[in-house]
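Spelled out from the first residue to the last, the chains are:
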Amino acid sequence: MMIKKLTNWGLLLAVLGLFSCSNSGKTGTPKGQVSIIPMPVSVKERQDSFLLDKHTVIFARNEEGKQIAVLFNSWLKELTGYELELTDKIPGDNGIIIETAKDTLQPEGYILGVSNKGIIISGSPAGAFYGMQSLIQLLPTEKGSSLIIPGVDIQDNPRFAYRGQHLDVCRHFFSVDFLKKFLDLMAMHKYNTFHWHLTDDQGWRIEIKKYPRLQEVASKRKETMAGHYEEPGKYDGKPYGGFYTQEQVKEIVKYAADRHITVIPEIEMPGHALAALAAYPNLGCTGGPYEVGTRWGVLDDVFCAGNDSVYTFLEGVLDEVLPLFPSKYIHIGGDECPKVRWQKCPKCQARMKQEGLKDEHALQSYFIQRMEKYLNGKGRQIIGWDEILEGGLAPNATVMSWRGIEGGIAAAKQHHDVIMTPGDFCYFDKYQSKGKNEPLAIGGYLPVSKVYGYEPVPKELTADEAKYIKGAQANLWTEYIGDSDYAEYMEYPRAAALAEVLWSQPAQRNYDNFVERLKVHVKRLDLKKVNYAKHVFEVSGTPEDNKKGGVEVKLDAKLDGGKIFYTTDSSAPTPQSQAYTAPVQVLKTGVVRAQVFQDGKPFGNEYNQPFLFHKALGKKVSITPDPEPNYNPGSSFALVNGIQGIGTYNDGQWFGFKKDFTATVDLDSVQEVKMLGTNVLSIKTNWIYAPKVLTFSASEDGKTFKEVYKQTAFSQNGINQVRTVITPVRARYIKMTAQHFGMIPAGAEGAGNPAWLFVDEMIVN
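All of the points below concern the structure found in this document. (Residues numbered from 1 in each chain as written. Predicted model: local features only at pLDDT ≥ 70, side-chain atom pairs only at ≥ 80, totals over all residues. Heavy atoms only, no water.)

Taken residue by residue, a regular strand's side chains alternate between the two faces of the sheet. Most of strand S30 (residues 661–682) sits inside the fold, with 16 of its 22 residues counted as buried. Sheet topology places strand S28 (residues 620–624) next to S30; five bridges connect them, and they run antiparallel. Residue pairing in the sheet places Ser-622 in a bridge with Thr-664 of S30. Here S30 runs beside strand S33 (residues 718–739); their pairing, made up of 17 bridges, is antiparallel. Its bridge partner being in S33, Thr-678 is matched across the sheet by Val-722. (Buried < 20%, exposed > 50% of the residue type's maximum accessible area, 1.4 Å probe, protein only. Helix = DSSP H or I, 4+ residues; strand = E, 2+ residues; numbered from the N terminus. Pairing = 2+ DSSP bridges.)

Written out as structure tokens, the structure reads:
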């Protein structure tokens, strides 16, 4: 048991008959009874239940408990229309008892007992609050004057101490009312940290009284990029702005604290500073003029690292920020800081010489460490994105690993605390469905199932190093998210899935069980009027190796009462189409379309997947080297599954590399080959470049290969479909080699970084 002895605790348990031999001994979350998200450590069902009505009372021994009771009443009123009376006397029955003890073995742990005589919640103040959140999830979702609560004994505590959500209010601004709703939903899912991204190139969103031009100039932009980042040059022509007053910030921080959520502000430095430079151009390397950013992406103008006025300015900003946020940590950004201005800036070069810094990466480390020292002197510690590792990590810094897991691994091995937030699993601005009607998103594909399958502790760490992984965080960047409805759509139910990853033990996690509980949980989201996405319940398709040298498609839908019908002739599926009973075999070029129907009506997006039939389809293929973690379909099978990746690369089909790439397919037998092909991607604004050279070679024995085709020019922006008819050749093995472009040239987006090489589908006929 996680809770130590409490005052009169044994008496209370005896009075209410909790944790007794009346337990049924069952565990788990049966449908319609216990559907708590995130899953508690231990749930034991009882054979009885508690009837809550307007005569039920709540006893709380102290103010912390009474605050929890008030929050419970606000939820209850939505269901029943009434609130429960708070009493100063321990109820004998028909009561809810809240004990907020300090002496718990787990800082956020709790126990919750429900019997026919009453309810007890006990834990630390935070633990008891989470216990109340679990009790709320035991309430029925249908409104009524009295509510039946299933009998349970729950012991619970989180796996990770840091469970965060991030919201970017710079690209698009959100009201105080929405922020409160955002925090309410965080609390419902037992998140405890709100990372508030307050400053960026496109807007400065926090009032700083010492620097009024931050409100007057930096909080406004003249217009906003329209369409996708890959289509530059389109703008809406509409002024946009907004900022939070210090009084509003205090209001949000207090609201969060009442829900046991710590708010960590992010003040970006030294990059993503264009809005601030527009207000105070003397802080930049060139002196301007600057204007608040109107387009997305990484912009070259940053704070001048050689100018002492910059540090004075930032210290002045932080002097006003710190009293507003009692958090131990202050986020200072540190990400995506181009060095092109520093390379040409006399002040920056003089600073490097003065400090003995070998390059501009070391200059960034100097900048970060200088600001860290200032914050440490104020009793605070810094968190930064994983770029703060470059040039040497600041001594007391915590790293947020976003560019994959490598930064987190490196920091943990150096015994620095780490928050995992890799884009592949935690960036909720990515598409969550392959449906054609999805609203605009940044790219990539991150369905609920992938979020749920995330493991925050990298397997590369030892048990001792793993202790430095403090948790993980969902990030919602809002370039394309212009209003609160869309923010909710992108956040939920993916945030519910990550909540379980962070709270529950790995052995307890089961995706199918999670989806069953989610079916009940979304009704709670309905009560809160959350505009959540429903993709998790629509039909999905998974192409697989059919073990016969071909491809089959497994269809699935999590919708209760739903039936799947499909077609393979490109026609729209109806209830009169073929009913799904077994995997669909891909036997020709065409489109597999499937739809789940409930009560004869279609639900959600249909599965609509074109397949290209060719000789390499479903055959064994080897790839060297392994793809980069952020762009890895998970199996080499995706290179010969008949699915061609799309231009937004959000479908999980593209293989991403930062070096040369080779793939060899075994056709099972020697046969005549007349045509070869593949797809490569070129989107230079996103650092994706076609290969310098693409070659195909053929072999009968897999040892001796003869080159049969070479291509060195790829002019098309987007997908380059390589299709070449060759002189017929007898071969069993076909090898494809793509030579990596190399480093991105000066003047281009991402200059100085290695280009991405994206390849998909190896085609043989």
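Structure's up, so let's keep going.
The strands that make up a sheet pair up through hydrogen bonds in the backbone, lying either parallel or antiparallel. In spatial order, the strands read S24-S23-S26-S27; together these four strands make up an open sheet with antiparallel pairing. Each edge of the sheet is formed by a strand with only one pairing partner; in this case those strands are strand S24 (578–579) and strand S27 (601–611). As paired elements, strand S23 (residues 563–567) and S24 share two bridges and run antiparallel to each other. Counterpart to Phe-565 in the pairing with S24 is Ala-579.

Direction vectors running N to C along helix H4 (residues 176–188) and helix H16 (residues 484–491) enclose 15°, while the axes themselves pass 11 Å from each other. Between H4 and H16, the interaxial angle falls into the category roughly parallel. The crossing of H4 and H16 is right-handed. Residues Phe-178, Lys-181 and Phe-182 of H4 lie in contact with H16, whose contacting residues are Ser-484, Ala-487, Glu-488 and Glu-491. Here the contact of H4 with H16 is built from residues that sort into three nonpolar, one polar and three charged. (Axes fitted to C-alpha atoms, helices over the stretch in contact; angles between N-to-C directions. Parallel < 35°, antiparallel > 145°, perpendicular 65-115°, else oblique. Left-handed = near helix turned anticlockwise from the far one by under 90°. Contact = heavy atoms within 4.5 Å. Nonpolar A, V, L, I, M, F, W, Y, C, P; charged D, E, K, R; others polar.)

Here we take up helix H11 (residues 360–377). For H11, spanning 18 residues, the distance from its first C-alpha to its last is 26 Å, which sits close to the expected 26 Å at 1.5 Å a residue. When H11 is considered as a whole, its buried residues turn out to be Glu-360, Ala-362, Leu-363, Gln-364, Ser-365, Tyr-366, Phe-367, Ile-368, Met-371, Glu-372, Tyr-374 and Leu-375. Packing partners of the buried residues in H11 comprise strand S15 (262–269), helix H8 (308–321), strand S16 (329–333), helix H9 (340–344), helix H10 (346–355) and strand S17 (381–385). With a side-chain oxygen lying 3.2 Å from the backbone nitrogen of His-361, the N-terminal cap of H11 falls on Asp-359. Backbone geometry just after H11 places Gly-379 at a positive phi near 80°. (Expected span 1.5 Å × (residues − 1). Polar contact = N/O pair within 3.5 Å; in protein donor to acceptor, adjacent residues only side chain to side chain.)

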